[in-house]
Amino acid sequence: MTAPAKRHIRLSELRPDGMALYRETHDPHVIAHFTVPGEPESKLRARWDTRRANDVTTALRARRFARRGSRPVTPKQTKEAELTIGWLFRKAVGPFRPDRTSRFGVQALFVCHPSRPRDGDNLLKLILDALTGVCWVDDTQVDEQSTKTVYAYSGHKTVVVVYRLPDLAVAP
């Protein structure tokens, strides 16, 4: 069985400035559409565990980061939010194995409280990391990302749409 030929497109075909998203010009193949209830969570920075590292791998990793005897630890709030997003994806899709070869796009809408302004990049980073190993193998497979943050006093939620991109090659 031969691999399908790549369809070459020119950037000028998409939009005059060449910056159109695939979903703006085509009907994408949606894999999942789900809502995470509650106030959107941001990806928090990893904290350093200052206790002595007791295994060799962790000690080597700690030396690489120039913090002898310490290791990075993901905050509990971030871990719980990532698990919730992963389970909601599985609930929306059903049985799904992470795809190694496909390219993906993610569209996210964040409805936040006005008293807690958020950075859209950190909000999206949490979603991308949560779906790593669940939808894709590595978040470098996500070629299109689109976020919108809306501020409201009620109805806080995160709406996520994950879609598969075709194998397109851009002609020079």
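Residues numbered from 1 in each chain as written. Predicted model: local features only at pLDDT ≥ 70, side-chain atom pairs only at ≥ 80, totals over all residues. Heavy atoms only, no water.

Caption draft 1: Summary view of the overall build of the protein. Assigned secondary structure in the protein consists of 5 helices and 8 strands. Secondary structure elements in the protein, listed N-terminal to C-terminal, are β-α-α-β-β-α-β-α-β-α-β-β-β. For the protein, the proportion of its 172 residues judged to be buried stands at 35%. Sequence-distant contacts, at least 24 apart, represent 81% of the contacts inside the protein between residues at least 6 apart. Only carbon and sulfur atoms are counted for the fraction: they give 52% of the accessible area of the protein, which is about 11300 Å². (Helix = DSSP H or I, 4+ residues; strand = E, 2+ residues; numbered from the N terminus. Buried < 20%, exposed > 50% of the residue type's maximum accessible area, 1.4 Å probe, protein only. Contact = heavy atoms within 4.5 Å. Areas by Shrake-Rupley, 256 points an atom, 1.4 Å probe, with all protein chains shown as cover.)

Caption draft 2: The pattern of salt bridges, seen in detail. Enumeration according to the criterion identifies 5 salt bridges in this entry. A salt bridge links Glu82 to Lys43, with the nearest nitrogen and oxygen atoms 2.7 Å apart. Taken as a pair, Glu82 in helix α4 (residues 76–93) and Lys43 in the loop between β2 (29–37) and β3 (47–49) lie far apart in primary sequence, 39 residues in all. For Glu82, a relative accessible area of 17% corresponds to the buried category. (Salt bridge = Lys/Arg side-chain N within 4 Å of Asp/Glu carboxyl O.)

Caption draft 3: Just the environment of Lys125, in detail. Among the structural elements, Lys125 can be located in helix α5 (residues 120–131). Residue class for Lys125 comes out partly exposed when judged on its relative accessible area of 34%. For Lys125 and Ser42, which are 83 residues apart along the polypeptide, the C-alpha to C-alpha distance reads 7.7 Å. A distance of 3.4 Å separates polar atoms of two side chains, one belonging to Lys125 and the other to Asn122. (Polar contact = N/O pair within 3.5 Å; in protein donor to acceptor, adjacent residues only side chain to side chain.)

Caption draft 4: Representation of the side chain of Ser102. Position of Ser102 relative to the elements: it lies in the loop between α4 and β5 (103–112). Side chain to side chain, Ser102 and Arg164 meet in a polar contact 3.2 Å long. When sequence neighbours within four positions are dropped, the list of residues in contact with Ser102 reads Gln141 and Arg164.

Caption draft 5: Examining the pairing of β5 more closely. Counting buried residues in β5 gives 7 out of 10 residues, a clear majority hidden from the surface. Pairing of β5 with strand β7 (residues 157–165), which is carried by 9 bridges, proceeds in the antiparallel orientation. The partner of Phe110 across the bridge, within β7, is Thr158. By the bridge criterion, 9 bridges tie β5 to strand β6 (residues 142–151) in an arrangement that is parallel. (Pairing = 2+ DSSP bridges.)

Caption draft 6: α5, seen in detail. Relative to the 16 Å expected for 12 residues at 1.5 Å per residue, α5 spans 17 Å between its end C-alpha atoms, a close match to the ideal helical length. Among the residues of α5, those classed as buried are Gly120, Leu123, Leu124, Leu126, Ile127, Leu128, Ala130 and Leu131. Buried positions along α5 lie against α4, β5, β6 and β7. With its phi angle positive at about 90 degrees, Gly133 sits one or two positions after the end of α5. (Expected span 1.5 Å × (residues − 1).)

Caption draft 7: Summary view of the packing of aromatic side chains. Under the definition given, this model contains 3 aromatic pairs. Ring centres 6.3 Å apart and planes at 80 degrees place the aromatic pair Phe34 and Phe89 in the edge-to-face group. Residue Phe34 is located in strand β2, and its partner Phe89 is located in helix α4; the two are separated by 55 residues in the primary sequence. Judged by its relative accessible area of 5%, Phe34 falls in the buried class. An aromatic cluster of three or more residues is present, and its members are Phe34, Phe89 and Phe96. It is Arg90 that lies over the ring of Trp87; its NZ or CZ is 4.8 Å from the centre. (Phe/Tyr/Trp six-rings, centres within 6.5 Å; stacked < 30°, edge-to-face > 60°. Lys NZ or Arg CZ within 6 Å of the ring centre and 35° of its normal.)

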